[in-house]
Amino acid sequence: MPHCRNCDAFVTENYVRVFAPQGMSTVRVCPNCEDKLRDGAEVREARSTRQN
């Protein structure tokens, strides 16, 4: 089962297929990560906290 490399949360294989960089078997950041987010092809620190 794939897990986020940042927070170790479970992510689905479909999520990995869509959001993981080519050649990686897991994602670098997921929707559960409050401290990081995807910015195009890069991962960066969040500028503000995210609210659900």
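Our structure's up above, just so we're on the same page.
Residues numbered from 1 in each chain as written. Predicted model: local features only at pLDDT ≥ 70, side-chain atom pairs only at ≥ 80, totals over all residues. Heavy atoms only, no water.

Caption draft 1: A look at the environment of glutamate 45. With respect to the secondary-structure elements, glutamate 45 resides in strand E2 (residues 42–45). With 10 residues separating them along the chain, glutamate 45 and aspartate 35 place their C-alpha atoms 5.8 Å apart. In contact with glutamate 45, not counting residues within four places along its chain, are Asp35 and Lys36. (Helix = DSSP H or I, 4+ residues; strand = E, 2+ residues; numbered from the N terminus. Contact = heavy atoms within 4.5 Å.)

Caption draft 2: Highlighting unusual backbone geometry. Despite not being glycine, aspartate 8 shows a phi value in the positive range, around 65°. Its location among the elements puts aspartate 8 in the segment before helix H1 (13–19). By relative accessible area, aspartate 8 is classed as exposed at 56%. (Buried < 20%, exposed > 50% of the residue type's maximum accessible area, 1.4 Å probe, protein only.)

Caption draft 3: The state of the cysteines, seen in detail. Counting across every chain of the model gives zero disulfides. Its sulfur unpaired, cysteine 7 is 3.7 Å from the next cysteine sulfur, which belongs to cysteine 30. Take cysteine 7: its relative accessible area is 35%, and that puts it in the partly exposed class. For the unlinked cysteine cysteine 33, the closest cysteine sulfur is that of cysteine 4, found at 3.5 Å. With relative accessibility at 1%, the residue cysteine 33 sits in the buried group. (Disulfide = S-S within 2.5 Å.)

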